Every structure is written in C-alpha cells, then in structure tokens.
Amino acid sequence: MLSDSVVEGPPPFTRLWAEIVGVGRDAGSGGYLRYGFGEAVRELEGWFRGVAAADGAHTVEADGNGNLFAWYGPPPERGDAVLLGSHFDSVPYGGGYDGPLGIVSALLAVRALRESGREFRRPVGVVAFAEEEGSRFGVPCLGSRLLSGALDPDRAAGLVDRDGTALAEAMGGRPAGARPELLDRIGVFVELHIEQGRALADLGAPVGIASGIWPHGRWRLDFAGEANHAGTTRMADRRDPMLTYAFTVLAANKEARLRGAHATIGRVEVEPNATNAIPARVRGWLDARAADDATLEALVEAVRTRAVDRAARDGTTLDLTRESLSPPVEFDGGLVTAFRRVLADGVPVLPTAAGHDAGILAAHVPTAMLFVRNPTGVSHSPAESASDDDCAEGVRRLADLLTELAAAG
Ligand code: GLV
Ligand code: MN
Ligand code: MN
C-alpha cells in the first residue's frame, strides 16, 4: 500500500511554487532576471492565465497598463471586489519570493475557498501588477501608478530602459492610464509579501500584518567634469566627477545614519568608462527612505548641499533630478484590527521601509498587507529565502482572510 505522502504528493504551495521557480533564474548566481514586460514576466503571465482558468476564473483581463486581473465569482462590475495579488518582476539578480509569493499565495487562497465548496459572496480578483521594482523603466510600482492615475501615461510612454527601448514599445502601445471604473470595482486589496527584514524572525512569528510604509524616493545624480588622460593630467588640473560621486556616496550614508534613515546609491554609470581616462560623466541613483516626510526631505537636501559643495571644490557640476516619490502610507486601521481578530493569535503588526503596490492602492481603496517570515531578512538578492512551511502558513492565513471577506454563509 502506498503511504499517504506518496498518495498526496507535495503540499499545494510546494507544488505550485515548483512550476515557476525556474522562470527567469540565472543559472550561475541563482538570482532572478524578471524585468517588466520582458520574456520571463510574459512567461509567468501565461502561466498565471492558465492557473486562473483551471481554477474557475471567468475572466482574465489586461488593463492596458501591463497589469493582469483574474476574476472569480460574481461579475467584478458589481463592485466591492476582494482583490489579492502582487507582482512578478524582480530587481536584477533578485530573489524569487519578492512579488511572486504574493501571486502564488493569492491563487492558492482562491483555490482553497473554491475547494471548500462555499460560494463567493463578493467578486474576487487576483492581480499581477507590472514593473513594481522599476528596474527596467526607473519608476517603481509603474503598473499600479498608471492604473490609479498617479503616473501620467504620456510621461510613462516615453520612459526608456537601459537599451533605449521606450515603454510604449515594450508594451506595444501607449499605456491606458487611469482606470477609475476598474478601481471602483475593488472593495479591498490585500497583498501578501515576503518580509524584507528580520522583524518576524526576531519575533519567532511566521506571519505579520503591515502597519504602513516609510516615505521613499529615487533621485538621479548627474555629475559632470572633464575627460582627460589618466597618465599625463596633473592631479591639480583634474575635474574628476568620480571624486564628487565618491564623496556623495559617503555623505549620503552618513546623513542617513544621523537621521535614522536609509540612503543607498546602488546603481552607477560612468562615461567613457575607461581605465586610463578621467571620466567625463558619472551618473548615480540615490534611493532614500525615512520614517516621515520631513526627515526624508531633510536627508535629500543635506546630501544635495554637501554634494554641490564638493562639486565646487572638484571643478565639477551636479544636477539632482527626482525620478519618483512615494509618500508615507498608513494601512487601513479598521482592516488591521479586523485581520488581527481573524488571525487570532496575536499576529504582529509592523512597518516597512520597502515599497509595494499596496502602498499605491492604499490611497484609493482599503488596503492591507500580510508579511511572511524571511529567516535572514535578505531581499533584492539571490539569498532571499522563506521556508515552504512558512509560505504554506501564509497561504492558510490569506485563505482565512479571503473566507472571512468573501465566502457566503
Ligand atoms: C521595492 O521592493 C522597493 O522597496 O524598492
Ligand atoms: Mn522588491
Ligand atoms: Mn515586492
């Protein structure tokens, strides 16, 4: 006789996760290259359509902004829908959980509700948001910003990736922009996400609820100097933007530490990028985050002032351009309280400094987030991880919330 485990096979989370774990993964590093509107994301979207259809979705709908919605139960036009989901895209060489865990968990929560035999009292949707990381076109939460009207579709259409491809080309046309009638269908949005810190690990809790998101933004730093010969140009005669850039990296780190804030320059481009030439230009991107708006503003201003001052001494120039800003988010207090009651066992409530599509939707619909424990806290890296048991627990908790919100009877 076969044992139970052979009859049943791996648990549902493990099985569904295995279907996508290899998509867009770099064989060498184990990191993921899942860029918005790219091949790996397209493959994942095809997979999403198939799973949704097999699980009884009556419609899978593209919103013209790169976001994909699978709808179950009563027609979504009725309004008051419960929407679950997250994003498929990754940062370059990122982890596999950041984003896809929320979509796989949402699909499984809907499946669990269907398999319980209970009817859907409200429309239920699962969404895959486009280009949440902004790794390809520079603007984070691109799909949810377009959908909600926070990003002008004409500005978005002209954004270009590192290869010079415009968003409109990658999407096959200008994005649709704000879809208020689609947003109006949504009564509540819940995004499950891997935690991108160690708070749950420290608390010994597999799952937590988000209280809010720190304000954060991205600024492009254009340093310009004079290209010249590395061997023959006297040190005193140089106008080297690399020096100004290097100083700015250190200043950003120090100014952030002084304020209990976060500042990172994680991307840089150099021209002409030659070992034996003083650079003509250095372009870096500052990612800055703080607990409140005033601190964030003071941090960026301090970095700007110190960098401009240094540029004057180096004979270089600096232009600082804001590319995106995400205001602080406080998730719906009523939902947080209600979810704590449903989840029952003193599930922790914690803030995060990571950005999410839930933060964009929160300005329009009651929104909440569930976090799943990340034992090391590492994220945006191939080392990001979560145990199958914790992920399965996340699915159970999400299914409990969905049942409470949307099951009849
Ligand atoms: C997204 O994960 C971000 O916080 O940048
Ligand atoms: Mn991320
Ligand atoms: Mn994410």
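What counts, and at which threshold
Residues numbered from 1 in each chain as written. Chains lettered and ligands numbered in written order. Predicted model: local features only at pLDDT ≥ 70, side-chain atom pairs only at ≥ 80, totals over all residues. Heavy atoms only, no water. Donors = N, O, S within 2.8 Å, 3.2 Å for Na, K, Ca; no water. Helix = DSSP H or I, 4+ residues; strand = E, 2+ residues; numbered from the N terminus. Buried < 20%, exposed > 50% of the residue type's maximum accessible area, 1.4 Å probe, protein only. Domains from an automatic or database assignment. Contact = heavy atoms within 4.5 Å. Buried area = accessible area lost by both parts, 1.4 Å probe. Polar contact = N/O pair within 3.5 Å; in protein donor to acceptor, adjacent residues only side chain to side chain. Pairing = 2+ DSSP bridges. Axes fitted to C-alpha atoms, helices over the stretch in contact; angles between N-to-C directions. Nonpolar A, V, L, I, M, F, W, Y, C, P; charged D, E, K, R; others polar. Arc of directions from axis to C-beta. Near = heavy atom within 4 Å. Areas by Shrake-Rupley, 256 points an atom, 1.4 Å probe, with all protein chains shown as cover.

J.: I keep staring at the coordination of the manganese ion (ligand 2) and nothing clicks. Help me out?
T.: Ideal geometry at a metal gives 109.5 degrees between four tetrahedral donors and either 90 or 180 degrees between six octahedral ones. Listed as protein donors to the manganese ion (ligand 2) are Asp-98 (OD), Glu-133 (OE), Glu-133 (OE) and His-380 (NE2); their distances from the metal cover 2.0 to 2.7 Å. A gap of 3.6 Å separates the manganese ion (ligand 2) and the manganese ion (ligand 3), which Asp-98 links by coordinating each metal. You can see Asp-98 sitting in the loop between strand 3 (81-87) and helix 4 (100-115) and its partner His-380 sitting in the loop between strand 15 (367-372) and helix 14 (388-406), a full 282 residues away along the chain. A relative accessible area of 39% means that His-380 is categorised as partly exposed.

J.: I would appreciate a short explanation of the domain arrangement of the protein in the present structure.
T.: Put simply, an interface is often sized by how much accessible area is lost when its parts join up. Under the domain assignment, the protein is made up of domain 1 (10-214 + 328-406) and domain 2 (216-326). The straight-line distance from the C-alpha centre of domain 1 to that of domain 2 is 33 Å. Counting from both sides, the interface comprises 14 residues of domain 1 and, opposite them, 14 residues of domain 2. Interface area, domain 1 with domain 2, both sides summed: about 1200 Å², of which 46% is carbon and sulfur. When the buried surface of domain 1 facing domain 2 is broken down by residue, Arg-162, Trp-214 and Pro-328 rank first, second and third, together holding 50% of it. Taken together, the links from domain 1 to domain 2 amount to 7 residue pairs in polar contact (both at pLDDT 80 or more).

J.: Before we go on, may I ask you to explain the pairing of strand 5 (residues 186-194) in this structure?
T.: The side chains of a regular strand alternate, first on one face of the sheet and then on the other. Most of strand 5 is tucked away, with 9 of its 9 residues classed as buried. As paired strands, strand 3 and strand 5 are joined by 4 bridges and run parallel to one another. Within strand 5, the residue paired with Leu-83 across the bridge is Phe-189. When strand 5 meets strand 15, the two strands line up parallel, connected through 6 bridges. Each residue of the ladder has a partner; that of Leu-192, found in strand 15, is Leu-370.

J.: For this particular structure, what's the right way to read the coordination of the manganese ion (ligand 3)?
T.: Coordination of the manganese ion (ligand 3) by the protein is provided by His-87 (NE2), Asp-98 (OD) and His-193 (NE2), with metal-donor distances spanning 2.0 to 2.3 Å. Between consecutive donors of the manganese ion (ligand 3), the numbers of intervening residues give the motif H-x10-D-x94-H.

J.: How should I be thinking about the packing of helix 2 (residues 12-20) against helix 3 (residues 39-54) in this particular structure?
T.: Packed helices, taken two at a time, are described by the angle their axes make and the gap between the axes. Between helix 2 and helix 3, the least distance of the axes is 10 Å, while the angle of their chain directions is 145°. Each of Leu-16, Glu-19 and Ile-20 in helix 2 lies in contact with helix 3, whose residues at this interface are Leu-44, Trp-47 and Val-51. Counted by class, the contact of helix 2 with helix 3 contains 5 nonpolar, no polar and 1 charged residues.

J.: How should helix 12 (residues 333-343) be read in this particular structure?
T.: The periodicity of an α-helix, 3.6 residues per turn, causes residues three or four places apart in sequence to face the same way. The complete set of buried residues in helix 12 reads Leu-335, Val-336, Phe-339 and Leu-343. Burial along helix 12 is one-sided: seen end-on, the buried residues are contained in an arc of 100°. Structural note: helix 12 exposes Thr-337 and Arg-341 on the side pointing more than 90 degrees away from its buried face. On its buried face, helix 12 sits against strand 5, strand 6 (207-213), strand 14 (349-352), strand 15 and helix 14. The residue sitting at the N-terminus of helix 12 and contributing the capping side-chain oxygen is Asp-332; that oxygen lies 3.0 Å from the backbone nitrogen of Gly-334. Where helix 12 terminates, the next one or two residues include Ala-344, which has phi positive at roughly 70°.

J.: What's the story with the site of ligand 1 in this structure? I'm lost.
T.: Taken together, Glu-132, Glu-133, Gln-196, Arg-289, Ala-354, Gly-355 and His-380 make up the full set of residues adjacent to ligand 1. Contacts to ligand 1 include His-380, whose side-chain N or O atom sits 3.0 Å from an oxygen atom. Its free accessible area being 190 Å², ligand 1 has 94% of it covered by the protein chains. Considered class by class, the residues forming the shell around ligand 1 number 1 nonpolar, 3 polar and 3 charged.

J.: How do you make sense of the side chain of Arg-136 when you look at a structure like this?
T.: Mapped onto the fold, Arg-136 is located in the loop between strand 4 (124-129) and helix 5 (142-148). On the basis of relative accessible area, Arg-136 is assigned to the buried category, the value being 18%. Engagement of the side chain of Arg-136 in a polar contact is seen with the backbone oxygen of Gly-36, the distance being 2.9 Å. A distance of 2.9 Å separates a polar atom in the side chain of Arg-136 from a polar atom in the side chain of Asp-161.

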